[in-house]
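Below, each chain spelled out in residue letters.
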Amino acid sequence: MRKFTATLLLGASLFAGPAMAEQTTIGLSAPLSGPQAYFGTTWHNGFKLYIDKLNAEGGVNGVTIAYEQEDDKADPREGTLVAQKFCDNAQVVLGLVNFNSGVAQSTLPIYEDCSLPTMTFGSNPSLTKQGYKFMVRPVANDLAGALLPAEYALGKLGAKTALIVNDKQVFGQGISEIFAKNLQDGGGKVLDTIAVAPSDVDFAAVLAQIKPKKPDVIYLGAVMPQLALFAKQMHEQGITATLIVPDGGYTPDFIKQAGEPNVQGALVAIQVPPMDASPAIADFAKLYKAKYGEDAGPYSIYGYVQGQILEQVLKTTKGLTREDINAALHAVKVKTAVGELEFDDTGELKVAPSYLYKVEGSAFQLVGSK
Amino acid sequence: MLGNLIQQTVNALTIGSIYALIALGYTMVYGVLRMINFAHGEMFMLGAYVAFLVLSVLVGDVGMAGAIALTVAFLVAIFLVGFIGVGIERVAYKPLRNSTRLAPMLSSLGVSLSLVTGIQILAGPQPVAFPSFFPVVRYEVMGGTITSMQIGILVAAFVLMFGLYFLVNRSRIGIIVRAVSESRPTAQLLGINVNGAISMVFFVGPLLGAAGGILYASYYGIMSPSMGAVIGLKAFTAAILGGIGSIPGAMLGAFILAFVEVGGTALLPIVTHGVLGTEYRDVLTFAILILVLLVRPAGILGEAVSEESIVYKREF
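Residues numbered from 1 in each chain as written. Chains lettered and ligands numbered in written order. Predicted model: local features only at pLDDT ≥ 70, side-chain atom pairs only at ≥ 80, totals over all residues. Heavy atoms only, no water.

Per an unreviewed UniProt entry, the recorded name for chain B is Branched-chain amino acid ABC transporter permease, and the organism is Mesorhizobium qingshengii. The heading Sequence similarities (unreviewed entry) in the UniProt record of chain B holds the text "Belongs to the binding-protein-dependent transport system permease family. LivHM subfamily." What UniProt records for chain B under Subcellular location (unreviewed entry) is the sentence "Cell membrane". (UniProt positions renumbered as here; feature names shortened; annotations may be inferred.)

As annotated in an unreviewed UniProt entry, chain A carries the name Branched-chain amino acid ABC transporter substrate-binding protein and is attributed to Mesorhizobium qingshengii. As recorded by UniProt, the Sequence similarities (unreviewed entry) comment attached to chain A reads in full: "Belongs to the leucine-binding protein family."

## A few points about the domain arrangement of chain A
Residue and element names in this part refer to chain A. Here chain A is described as being made up of domain 1 (2-140 + 277-337) and domain 2 (144-270 + 355-369). Distance from the C-alpha centre of domain 1 to the C-alpha centre of domain 2: 31 Å. In total, about 980 Å² of surface goes out of reach between domain 1 and domain 2, with carbon and sulfur atoms giving 67% of it. One can count zero salt bridges joining domain 1 with domain 2. The interface formed by domain 1 and domain 2 includes one residue pair in polar contact (both at pLDDT 80 or more). Every element with two or more residues in the side of domain 1 that touches domain 2 is listed here: helix 2 (37-56) and helix 4 (101-113). When the residues that make up the side of domain 1 that touches domain 2 are grouped by side-chain class, the tally is seven nonpolar, six polar and no charged. (Domains from an automatic or database assignment. Buried area = accessible area lost by both parts, 1.4 Å probe. Salt bridge = Lys/Arg side-chain N within 4 Å of Asp/Glu carboxyl O. Polar contact = N/O pair within 3.5 Å; in protein donor to acceptor, adjacent residues only side chain to side chain. Helix = DSSP H or I, 4+ residues; strand = E, 2+ residues; numbered from the N terminus. Nonpolar A, V, L, I, M, F, W, Y, C, P; charged D, E, K, R; others polar.)

## Quick look at unusual backbone geometry
Phi is mostly negative for residues that are not glycine, and the peptide bonds are mostly trans. Backbone torsion omega between Met 224 of chain A and Pro 225 of chain A reads 0°, so that peptide bond is classified as cis. Residue placement: Pro 225 of chain A occurs in the loop between strand 8 (217-221) and helix 9 (226-236). The phi dihedral of Ala 74 of chain A falls on the positive side, at around 55°, and the residue is not glycine. Tracing the backbone through its elements, the reader meets Ala 74 of chain A in the loop between strand 2 (63-71) and helix 3 (76-88). Its relative accessible area of 25% is what places Ala 74 of chain A among the partly exposed residues. Despite not being glycine, Arg 34 of chain B shows a phi value in the positive range, around 50°. Here Arg 34 of chain B falls in the buried class, since its relative accessible area comes to 11%. (Buried < 20%, exposed > 50% of the residue type's maximum accessible area, 1.4 Å probe, protein only.)

Written out as structure tokens, the structure is:
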């Protein structure tokens, strides 16, 4: 049956030309349940928002866009199953995949094998260094994400010493090593690097070891809910160092679960601009709230931007095969809500924006951008 | 240095007393039924969720004052979970009591999965912020920091453990439970209400587990449907280490486990000059468990292989 539809579609595209109503399918994969569900669902919602708008206008050059959404549970084992499913479905021509670097690490070879182009969200720098021909990353990698906080710590905070804690995962360990390197390059000193287990909830013993070292800043390379737990216990043990965390902390849950007084002054680095940064972004925030009845999530804007990239790809592509889409994706140059984006040979953004926020009260205040 | 020592000791005592409350449930059930109750970790999770629900009703709908509401919520939740425990035993374990030894264990695995999934559907899979049951005040003791929360947890856990000690060793109910645990057929021949004793165990175990869950959630400020899995495994390890079936053994095992974990975190990088980091804590912990079991297969305070367990072995 699938083959039959595929042949039918192929026939349609051969004989009918672009004016005929066609459909193309995008595979979406991210954590939709579990502690990181908020990130995955709101990211996808941003994408759907744009796609629904395109479809309502009649699609791009007569091509309407369908999507298939799957839950990878932030787990590489689930992610590879989803990847295989998308690969086997001939309708799927593009993947909007894997919020987590650790998951992307194991799914990218599968997508590569079946020539399915992906816009990958995992931010570990090594992902684009493995020679994949079918992936691009429409978001800043951790090299950019960990540079801004290191500069801020040395410059604005006047920090001289830092202590690094990570959860030994692809993302957490990767980004904290980059932070440490940036800090040392800028003249800072790393007192110690401590690894914890990714499922740990009790950091009291680790914190008791950190306390006498008296670092100026503590960088925690981990995800939620560990970020909130660590912040809370750190404050309860009376450690006054400034806590710096990666993008996972950019959620109201970080402040709520840690307790508001426990996270004041903590810094969160993320690739997302504030929702009032430009008229285009403000428009997006309004549309999002109107459609979903809640404020846009941390990465919703990137879902929306990926929709804009897809629109441009469909405008310029020669056909709707995976190969054609891939060629158009790598050559794309498009003005989006976060600025003009284009990819280099490895699939990395040529210019990648990154931002730094500080927790004040129950909100995030922008303190720096790059 | 001294401050650090004091602080790490308090850290270990706090986490150890929570392990102990849960480990007691595993060991008591094993004592009377020779069965591992895999659903016990979920009693710990239910404790937190039920307390949260009761608390939001009391404060939100009834408008009760904070401190009283917390106490009421704590008591209502642990007793409610105790009754849930009795209900689960009646429905899922009792009909299987005379079948093979594996049947009730599989049944308990099923109960465990159902409870986790049920809570995931009802309350959502994401972690939820949990209110603190004690006002958090920091005390500086010779350079170490101790919070009122840690003291509160220690006191609550020790009160409960002493309560259990008196119930088991000084009350008539305790005598009955011990008799059933010694030998179920003999107790039955002597006219003891065996079902009553088993229900009692399935009431007290989940009650203590639920108390552990509430203390834990309020210590870390967070609860999630899957919180019972990791901590349940740790408590189960503690029960085995101390000698499963032995009540003092479960408490001892829990504190040993906690001290090894905290000590491992604190000392591994120092002793090995940074070769092994704190992430090797669990490797150290379980290496010690294996060593103990090699020397004393029944656990530290466990009884040596009894006639009864030989009978069970023949069944396999």
